[in-house]
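Understanding the architecture of this molecule
Read off the chains here:
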Amino acid sequence: MARGSEEGYVTIVGKLIVSDGVSASKLLLLMRRFRDSVEMAHNTTSKRQLGESEVKRRITRYLSNAWYASSAIKMSKLYEEQDHLRLRKPFLYSLGSRDENGNRNIKFVSTDRVLIKIPHEDGRHEWIECKALFAKKHIPVIEELLRGRYSYSAGVAIKLRKGEDWRSVWRKRLVIYISIPVELYIKHVKPKNVDVAGTVNSNWLLAGFDFNVDRVCMAIIDPAGRLRDARTEFFSNAANTLKEVSENARKVAVVKLVKYAVAHGVRYIAVEGLRRPSRVEGRVGKWAHRQYLQHLKVLAKRFGLEVIEVNPAYSTIDAIGIALTLGLDKHTASAYIIALRGLAHKSM
């Protein structure tokens, strides 16, 4: 298979609380600037107007921090397929750094406290301290990160409910997410099919599917959550073709991936349930998703596979860190997240 057996990352999400109003304003300004930097990096490099080194120089001057600039450029590559990028919500991201106790700009000082670097043009950078609330089962993972043995990517995002405007609720909806190696996650949050030593007790595999208007992405993981393989089947934009043609294109793509999965030992398939957020750009509509799901269930029955439907909520936030860490496109990263959720559902 295409992927190494030890490759895999997990994203942990917690609530971020900034009690001081001045610090909150500084963080929001940085998040706005970072979002603008990602757009700048994409819109200049995608049209080959400037080389990456020149783009980094300009963004570094704009953000007053070279590490944030590198993180923005890497994040912009998630949107390479888009001609022009316009992002709605502010956000922040910092690549991991083993030489800086895990991360250079977002550092944990305790299991519930995190420091975020606010850069300034004069070089006198400051740190703001925020409260971070994670699930109880994730506390040992944060304790391990405090020892500085692992590199971890981290970011701040605004997690909205349907119909909310981020400008009015952003401070209440801040979340912090970190991407960590899957072996660290297994060490402290052990699935039922992994023993104390972290050894997988089963030889089955699970595939996660992500459906889009022009492609179907599949990510295959083992019982320990490690990414083993990833494949994508492309077809012409189904939204701009006849109904019969688009339906046939979807069916052919799904059949190819399911056959590949079965041939490589997959026994379980994870997909998003029909309760999906209202997303249009770059995503498939609810009506098409229903067709995908129905066809997949028919194929699963034919090949003796079990279909697991998972909660689709907020998979985008989780996928960002995974995509950047593993070098995947955002759609394949979403398929990987769906597979991990399917694994968690199966382990219950």
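Here goes a summary of the coordinates provided.

Cut-offs applied
- Here, residues in each chain are numbered from 1, in the same order as that chain's written sequence.
- For a predicted model such as this one, the threshold for reporting local features is a pLDDT of at least 70, and the threshold for listing and counting side-chain atom pairs is 80 or more; totals across whole chains, interfaces and linings nevertheless cover every residue.
- As a rule here, side-chain values cover all heavy atoms of the structure and leave hydrogens and water aside.
- Helix and strand definitions here come from DSSP, where helices need a minimum of 4 consecutive H or I residues and strands a minimum of 2 consecutive E residues; each element is numbered from the N-terminal end.
- Burial classification: accessible surface area is computed with a 1.4 Å probe over protein chains only, and a residue below 20% of its type maximum counts as buried, one above 50% as exposed, and the rest as partly exposed.
- Whether two residues are in contact is decided by their heavy atoms, any of which lying within 4.5 Å being enough.
- Only the protein chains shown count as covering a residue, and every accessible area follows the Shrake-Rupley method with a 1.4 Å probe.
- Strands were regarded as paired on the criterion that DSSP finds at least two bridges between them.
- Here an axis means a line fitted to C-alpha atoms, over the contact stretch when the element is a helix, while the angle between two N-to-C directions is reported on a 0 to 180 degree scale.
- Take the buried Ala, Val, Leu, Ile, Met, Phe, Trp, Tyr and Cys residues and link them wherever side-chain atoms come within 4.5 Å; each set so joined is a nonpolar core.
- Centre distance within 6.5 Å is the pairing criterion for rings of Phe, Tyr and Trp, where only the six-membered ring of Trp is used; planes under 30 degrees apart are then read as stacked, over 60 as edge-to-face, and the remainder as tilted.
- By definition here, charges over rings are those cases where NZ of Lys or CZ of Arg is within 6 Å of the ring centre and within 35 degrees of the ring normal.

1. Observations regarding the overall build of the chain
- Helix and strand content of the chain: 10 helices and 14 strands.
- By residue count, 51% of the 348 residues in the chain fall in the buried class.
- Of the contacts formed within the chain by residues at least 6 apart in sequence, a portion of 70% connects residues at least 24 apart.
- Of the roughly 16,500 Å² of accessible surface on the chain, a fraction of 48% belongs to carbon and sulfur atoms.

2. A short note on the pairing of strand E5 (residues 106-110)
- In terms of strand pairing, E5 meets strand E6 (residues 113-118) through 4 bridges, oriented antiparallel. Across the sheet, isoleucine 106 pairs through a bridge with isoleucine 116, a residue of E6.

3. Structural notes on the sheet that holds E5
- Read across the open sheet, the 7 strands follow the order E2-E8-E9-E1-E7-E6-E5; overall the sheet is antiparallel. The sheet terminates laterally at strand E2 (92-94) and E5, the two strands that pair on one side only. For this sheet, the mean inter-axis angle between neighbouring strands, taken without regard to orientation, is 35°.
- Summarising the sheet, strand E1 (residues 9-17) and strand E9 (residues 174-181) pair through 7 bridges and their orientation is antiparallel. Its bridge partner being in E9, isoleucine 12 is matched across the sheet by isoleucine 178.
- The strands touched by helix H3 (residues 66-76) are E2, E6 and E9; relative to E2, the strand with the most contacts, the crossing angle is about 105°.

4. Looking at unusual backbone geometry
- The backbone of serine 64 shows a phi angle near 60°, a positive value even though the residue is not glycine.
- By the element assignment, serine 64 lies in the loop between helix H2 (52-63) and H3.
- Relative accessible area serves as the criterion here: at 19%, serine 64 is assigned to the buried category.
- In this structure, asparagine 101 is a non-glycine residue whose phi angle is positive, near 55°.

5. Here we look at the nonpolar core
- Ranked by internal contacts, the top residues of the largest apolar core, which has 84 residues, are Phe34, Met75 and Ile116.
- Among all residues touching isoleucine 116, those that are not within four sequence positions of it are Leu16, Leu27, Tyr68, Leu92, Asn105, Ile106, Glu126, Trp127, Ile128, Cys130 and Val156.
- One finds Ile220, Ile269, Val271 and Tyr292 within the second-largest nonpolar core, a separate group that totals 24 residues.

6. Examining the pairing of strand E7 (residues 126-133)
- Note that E1 and E7 share 3 bridges and pair antiparallel. Bridging across to E7, lysine 15 finds its partner in leucine 133.
- Bridge analysis of E6 against E7 gives 6 bridges, and the strand direction is antiparallel. Paired with valine 114 across the bridge in E7 is cysteine 130.

7. Observations regarding the packing of aromatic side chains
- Summed over the entire model, instances satisfying the criterion amount to 6 aromatic pairs.
- Here the aromatic rings of phenylalanine 108 and phenylalanine 134 are separated by 6.0 Å at their centres, their planes lie at 55°, and the arrangement is tilted. You can see phenylalanine 108 sitting in strand E5 and its partner phenylalanine 134 sitting in the loop between E7 and helix H4 (139-146), a full 26 residues away along the chain. In terms of burial, phenylalanine 108 and phenylalanine 134 fall into one category: buried.
- Taking 6.3 Å as the distance between ring centres and 35° as the angle between the ring planes, the aromatic pair formed by phenylalanine 209 and phenylalanine 211 counts as tilted. The two residues phenylalanine 209 and phenylalanine 211 agree in class, both being buried.
- Ring pairs connect the aromatic residues Phe34, Tyr68 and Phe91, which therefore count as one cluster.
- Lying across the ring of tryptophan 67, arginine 104 places its NZ or CZ 4.1 Å from the centre.

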